[in-house]
Amino acid sequence: MQDFIKIHPDDMVAVALRPLEKGRVLEVSGTQVTLLEDIPQGHKFALQDVESGAPVIKYQEPIGVARESIPRGAWVHTHNLKTGLGDLLTYTYTPKAKDLEPKEAVCFQGYRRADGKVGVRNEIWIIPTVGCVNNVATSIERQAQKYVSGTVEEIVAFPHPYGCSQMGEDQDNTRQILADLVNHPNAGAVLVLGLGCENSNIEELKKYIGPYDSERVKFLVSQECEDEIAEALHMIEGLAAYAGQFHREPVPVSELIIGMKCGGSDGLSGITANPAVGAFSDLLIAQGGTTILTEVPEMFGAETLLMNRCENQELFQKTVDLINDFKNYFTSHNQTIYENPSPGNKKGGISTLEDKSLGCTQKSGSAPVRGVLRYGEAVKTKGLNLLSAPGNDLVASTALAASGAQIVLFTTGRGTPFASPVPTVKISSNSALFQKKENWIDFNCGVLVEDTDMEELAASLFQYVVAVASGEKVKAEKAGFHDMAIFKQGVTL
């Protein structure tokens, strides 16, 4: 295993791949560097003297400016590095999009739905319209497990605190996300459970759902029946019979839509896990598939790299709006735009938002941007799409599922057990995390700095995703974890 890595020849810092002790002399690109301090794993050290106020380069891009003069061999982190980002910026479109070489699509074993969509799971979902019936929904889930048989893989409720006492965009967001989940192809059948007096009642929700198969989707208003649990179980018995008609069949991977997200990042995330997911994204898109990148606040500082990969001027402008709308959202609530990275990120070696974003956007690979989506908007264009959603892990992963992702790839350097409405593959940036949290982590990218090259690792990740799409359960599914969270922006009545 290497002791450190210099990511790009123009970089002014290198990253420790294991703890490095003070006084050690390293040979970096033909120059000797004596470490002036202990350097923790994932953290940076200076390869040259940096004057106070000068930019510090990593990933061939500025990751901030020096707070003070930084001598060669010094630890570079939050104590001597600060963000160089401003607020709203003016952007110029400089196209750099290059098409990937097409490849023949391999197949996975999926569920072809009546509307032509494809699911990677055949589950029955219970969707509450309002938080008031959450406990009822979870009770129904618990009692309905007797109907899990044959090709019906699971029965899952998705409680949430919203659906009433909301206004404007918040209320629309709740209805849209719930409708998106009702229409998701991983659900072979759906029970929509309402209360009856909520703002986002079933009749209102139907306007967002659009046309639906009455055999696949059933609606129950709790206030209109004597025993809502008994009635729901009767409905689920029928839904199980309907969903049980579906069987896995060969489907080209061009039908896959994969969401990409990171959380609890460390100094290796942008070196191992995120680039590996980017290489996977390129492999899938070359075979006609689709990927979605989100967490807009973690594009700040790297947004121009995505903007210049937009396929045309219209997509460029949509990406500009995507970025600036989120900045305006922060300032409208009197919050600092660049209040990032998190304490866990900093402990792992990430010093500024630019540092985090340049690592985060590695997940996008090199494909051109072919779609820019509003929060809750379904994917319409194959290839790489950008989605408006915050950095919060649960909210962003739910948004990816709502936009059509059948699977979410979640990279992490710190680890997390959370799930989302769809299979959520946990990908570690370092081998120590993979070995410590085998009950959380599904795939290890730490081997990239040990004995595996990128082409081999990307191919292995691709094969694993195909296996998950074909029915192999991820660790969170095996644990029985399912999470769902909706983006709340405004007041609560």
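The structure reproduced in this document is the subject of the present report. (Residues numbered from 1 in each chain as written. Predicted model: local features only at pLDDT ≥ 70, side-chain atom pairs only at ≥ 80, totals over all residues. Heavy atoms only, no water.)

1. A short note on helix H2 (residues 168–182)
1) Next: Here H2 contains 15 residues, and its C-alpha end-to-end distance of 22 Å stays within 8% of the 21 Å for a straight helix at 1.5 Å per residue.
2) Next: Those residues of H2 not exposed but buried are Asp170, Gln171, Asn173, Thr174, Arg175, Ile177, Leu178, Ala179, Asp180, Leu181 and Val182.
3) Next: The inward-facing, buried residues of H2 abut strand E12 (123–128), strand E14 (187–194), helix H3 (202–209), strand E15 (217–221) and helix H10 (393–402). (Helix = DSSP H or I, 4+ residues; strand = E, 2+ residues; numbered from the N terminus. Expected span 1.5 Å × (residues − 1). Buried < 20%, exposed > 50% of the residue type's maximum accessible area, 1.4 Å probe, protein only. Contact = heavy atoms within 4.5 Å.)

2. Some remarks on the pattern of salt bridges
Two side chains with opposite charge may pair up if their charged atoms get near one another.
1) Next: In this structure the tally under the stated criterion is 20 salt bridges.
2) Next: The partner of Arg121 in a salt bridge is Glu477, with the nearest N and O atoms 2.9 Å apart. Separated by 356 residues along the polypeptide, Arg121 in the loop between strand E11 (118–119) and E12 and Glu477 in helix H13 (residues 475–478) bring together distant segments of the chain.
3) Next: We classify Arg121 as buried; its relative accessible area is 1%. (Salt bridge = Lys/Arg side-chain N within 4 Å of Asp/Glu carboxyl O.)

3. Observations concerning the sheet that holds strand E23 (residues 443–444)
1) Next: Ordered in space as E19-E20-E18-E17-E21-E22-E23, the seven strands form an open sheet in which the pairing is parallel. With one partner strand each, in any of the chains shown, strand E19 (369–373) and E23 form the two edges of the open sheet.
2) Next: Two strands pair when backbone bridges link them, and strand E22 (residues 424–428) and E23 are joined in this way by two bridges, in the parallel orientation. Bridging from a neighbouring strand, Ser428 pairs with Asn444 of E23. (Pairing = 2+ DSSP bridges.)

4. Thoughts on helix H5 (residues 273–286)
1) Next: The first and last C-alpha atoms of H5 sit 20 Å apart over 14 residues, in line with the 20 Å expected at 1.5 Å per residue.
2) Next: Counting buried positions along H5 yields 13 of 14 residues, so the element is predominantly enclosed.

5. Side note on the packing of aromatic side chains
1) Next: For the structure on display, the rule yields 15 aromatic pairs.
2) Next: With centroids separated by 5.6 Å and ring planes inclined at 75 degrees, the aromatic side chains of Tyr242 and Phe246 adopt a geometry described as edge-to-face.
3) Next: Judged by centre distance (5.7 Å) and plane angle (75 degrees), the ring pair of Tyr375 and Phe487 falls under edge-to-face. Here Tyr375, found in the loop between E19 and strand E20 (383–387), pairs with Phe487, found in the segment after H13; they are 112 residues apart in sequence, far enough to count as distant.
4) Next: Judged by its relative accessible area of 13%, Tyr375 is buried.
5) Next: For Phe487, a relative accessible area of 10% corresponds to the buried category.
6) Next: Here the aromatic residues Phe300, Phe326, Tyr329, Phe330, Tyr375 and Phe487 are joined through ring pairs into a cluster of three or more. (Phe/Tyr/Trp six-rings, centres within 6.5 Å; stacked < 30°, edge-to-face > 60°.)

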